[in-house]
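Structural overview
Chain by chain, the residues:
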Amino acid sequence: MESLQLTPIHHHSFVLVRHSHLQLGSHFPSSLLTRASRNANLRLTRSFSGEVGPPASHNEDNPFPLKDEQPQEQERGLLLARETDDFGSLVGFRLIPGSGITTEEQPEAKVGEELEEKAEAKVGEELEEKAETKVSYNITFVTAEAAPYSKTGGLGDVCGSLPIALASRGHRVMVVSPRYMHGTSEDARYSGAVDMDCNIQIYCFGAAQEVGFYHEYRKGVDWVFVDHPSFHRAGSPYGDMYGTFGDNQFRYTLLCHAACEAPLVLPLGGYTYGERCLFLVNDWHASLVPVLLAAKYRPHGVYKDARSVLVIHNIAHQGVEPIVTYGNLGLPLEWRGALEWVFPNWARMHALDTGEAVNFLKGAIVTADRIVTVSKGYSWEITTSEGGYGLHELLKDRKSVLSGITNGIDVTEWDPSSDQYIPFKYSADDLSGKVKCKIELQKELGLPERPDCPVIGFIGRLDYQKGIELIRMGIAELMEDDVQFVMLGSGNPAYEDWMRATEATYRDKFRGWVGFNVPISHRITAGCDILLMPSTFEPCGLNQLYAMRYGTIPVVHQTGGLRDTVQNFNPFAEVKNDEGTGWTFSPLTKENMLVALRYAIQTYREYKSSWEGLMRRGMTRDYTWVNAATQYEQVIEWAFMDPPYC
Ligand SMILES: Nc1ncnc2c1ncn2[C@@H]1O[C@H](COP(=O)(O)OP(=O)(O)O[C@H]2O[C@H](CO)[C@@H](O)[C@H](O)[C@H]2O)[C@@H](O)[C@H]1O
């Protein structure tokens, strides 16, 4: 349950500090706390904030219950100084650090004495420190992918690990995603999920659609899978060998409607999540959720206390369909403007094309309470005409609620000292297993077994975004050098054919593995010396983080999250441990990419100790979700402070 409960300020008040009147209140998030003017007259009143537990039993007759009448669970709390000026006007709140006292244990006089001491000691610099409040939220992730159940890229990784990180910090977290059944052995991934026997009707696309829910509780998270026949088909979540599925708008409209119902109807662990819930909606597939909250639920008094945060992992995909499809979405006509999108003249197909479309991602940008992108660099890029894919003006308008939070990684899955997929384990303290992994990789791929030869790797979707065009242009020159190059990827059939053809041309030097294979991706990450990422744009990028953790040196285009996470090598850095973790290049040209790669290759060959330094610095960085999860909590806290945006 959401545990930030606003309960009335206790009406006992007392003077604590000479020359100061302090009024203690509680239940206000730490970011409301303002710095004290030392000369301000302060007045203190005391009250308590429940940590977790049932909502405050509010007594209508006595809205200001005395201490003894307070339910036990609410007695332990944080004390906040409510600061007023000489005229009695509120100027802010400050937490009295260490104030998690229990009134049962602290008679009022003692409380007063202690608070006096504390207040005297703390009303100064110490109070300026940010104090931690213990607030937990009910969070519902909505996503098209969540690893290990479904994954085609980084979205799956993030939605498979960030929820666990948030749950471990005390939040109640549910992840709603489709129950894809592809008719392959991979379907077994859902075998732990049980049918909740809770089917609901969703009204969209001109009919009542029946969807079911499956549930698995794992690692502290409620994994909820929406079941519908349209999620049962061969291929990947989004398409098959014939291309992208034509009914994806329908499938993800179902997901969004079902996700909005889930907190209301699913008794997970015996209790529903309820209406005071935070929806964390990821990319266009989940973007209808904030629109539904505003257009379908709030006008009927439902979800008035809910908030939504849109997370943009990739703005290039927006869920755009012809405007005539609006009527299918189960939204009131008057909300059409929220999703409406008009393409500029140059982007229209023919003279009769009016350019009008429905754009899911735009709908969320104009209705969500907060917006997050997956790195700071990218949060700026999407407000520019180059990086915003047409949505930059709208995003600029919402700049005040736009944040960049760099992704973490699942450090238990990606750990070279315990990775189940790699043949030899190693760590920053003992790197000997890395070269053995390299030899095994060469063996597995049929490349000459040469421990001294630098091996360059690439892993990713074969897509314009990932800079395959640049690799294509530079491969002939690169192959003149004494290196090996291993590529793993799937996507654009033209690039897949090019990989096969390149392998045929450079049999002793190049391997192109066409397909999606998680164990191989781990072995390439461990067995390569260098990981190449010449992405045209990269919202965050996870492979460079995995690479650094495995002592594989990234060579990346300096863009988005790559710029934020890879520090360029500088052997002359004055600050210890600041010599960098890889190579970055910009602008994005074939020449710059080759120059950066040659620096890396030369360092690998001639400066072994520098190379080991690069490896160790990358391997010992903190990639856990802790930092990002804390920032997500802050964004959620801000979202609940303001009234709903729509
Ligand atoms: N053929 C293959 N076989 C096995 N594994 C493969 C694979 N191709 C890709 N992968 C895996 O998929 C993930 C890709 O993650 P990325 O973050 O690099 O890219 P993606 O563009 O999908 O994600 C988007 O969302 C993420 C998450 O926010 C952002 O980091 C990113 O910049 C943004 O484009 C990695 O775990 C990688 O190992």
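Residues numbered from 1 in each chain as written. Predicted model: local features only at pLDDT ≥ 70, side-chain atom pairs only at ≥ 80, totals over all residues. Heavy atoms only, no water.

As annotated in an unreviewed UniProt entry, the protein chain carries the name Starch synthase, chloroplastic/amyloplastic and comes from Arachis hypogaea. Under Pathway (unreviewed entry), UniProt gives the following word-for-word description of the protein chain: "Glycan biosynthesis; starch biosynthesis." We quote the UniProt Sequence similarities (unreviewed entry) comment for the protein chain here in full: "Belongs to the glycosyltransferase 1 family. Bacterial/plant glycogen synthase subfamily." (UniProt positions renumbered as here; feature names shortened; annotations may be inferred.)

Here we look at the overall build of the protein chain
Along the protein chain, the regular secondary structure elements total 17 helices and 26 strands. The burial tally for the protein chain puts 55% of its 646 residues in the buried class. Here the protein chain has roughly 27,700 Å² of accessible surface; of this, 52% comes from carbon and sulfur atoms. (Helix = DSSP H or I, 4+ residues; strand = E, 2+ residues; numbered from the N terminus. Buried < 20%, exposed > 50% of the residue type's maximum accessible area, 1.4 Å probe, protein only. Areas by Shrake-Rupley, 256 points an atom, 1.4 Å probe, with all protein chains shown as cover.)

Comments concerning the UniProt feature "domain: Glycosyl transferase family" (unreviewed entry) in the protein chain
According to UniProt, the feature "domain: Glycosyl transferase family" (unreviewed entry) maps to residues 450–570 in the numbering used here. What you have in residues 450–570 is 39% helix and 21% strand, and the ends, taken at the C-alpha atoms, are 28 Å apart.

What about the side chain of Asn282?
Along the chain, Asn282 turns up in strand β14 (residues 278–282). A polar contact is formed between the side chain of Asn282 and the backbone oxygen of Leu280, at a distance of 3.3 Å. Within polar-contact distance, the side chain of Asn282 engages the side chain of His313 at 2.9 Å. Not counting the four nearest positions on each side in its chain, Asn282 is found in contact with Phe141, Val142, Thr143, Leu155, Cys159, Val311 and His313. (Polar contact = N/O pair within 3.5 Å; in protein donor to acceptor, adjacent residues only side chain to side chain. Contact = heavy atoms within 4.5 Å.)

Describing the site of the ligand
Near the ligand there are 29 residues, and of these Asp157, His313, Arg461, Glu538 and Gly541 occur at the shortest range. The contact in question runs from an oxygen atom of the ligand to an N or O atom on the side chain of Glu538, over 2.5 Å. Between the ligand and Pro539 there is a distance of 3.4 Å, counted from an oxygen atom to a backbone nitrogen or oxygen. Its free accessible area being 720 Å², the ligand has 97% of it covered by the protein chains. Listing elements by their share of the shell around the ligand, those giving two or more residues are α2 (154–168), β22 (484–489), α12 (518–527) and α13 (543–549). When its residues are assigned to classes, the shell around the ligand shows 11 nonpolar, 13 polar and five charged. The residue makeup of the shell around the ligand includes at least three contributed by each of domain 1 (138–408 + 629–641) and domain 2 (431–621). (Near = heavy atom within 4 Å. Nonpolar A, V, L, I, M, F, W, Y, C, P; charged D, E, K, R; others polar. Domains from an automatic or database assignment.)

A few points about the confidence of the model for the protein chain
For the protein chain, the average pLDDT comes to 85, and 79% of its residues sit at 70 or higher. Below pLDDT 50 for its whole length, residues 83–111 participates in 85 contacts with residues either more than four positions away or in separate chains. Both scores are given for the predicted complex: the pTM is 0.81, the ipTM 0.99. (pLDDT = per-residue confidence, 0-100.)

A closer look at the pairing of strand β6 (residues 138–142)
When you tally the buried positions in β6, you get five out of five residues, the bulk of the element. On β6, burial covers both faces: Asn138, Thr140 and Val142 on one face and Ile139 and Phe141 on the other are all buried. Relative to strand β7 (residues 172–178), β6 runs parallel, the two sharing five bridges. Bridging across to β7, Thr140 finds its partner in Met174. In terms of handedness, the path from β6 via α2 over to β7 forms a crossover that is right-handed. Sheet topology places β6 next to β14; four bridges connect them, and they run parallel. Within β14, the residue paired with Thr140 across the bridge is Phe279. (Pairing = 2+ DSSP bridges. Right-handed = clockwise from strand over helix to strand, strands pointing away.)

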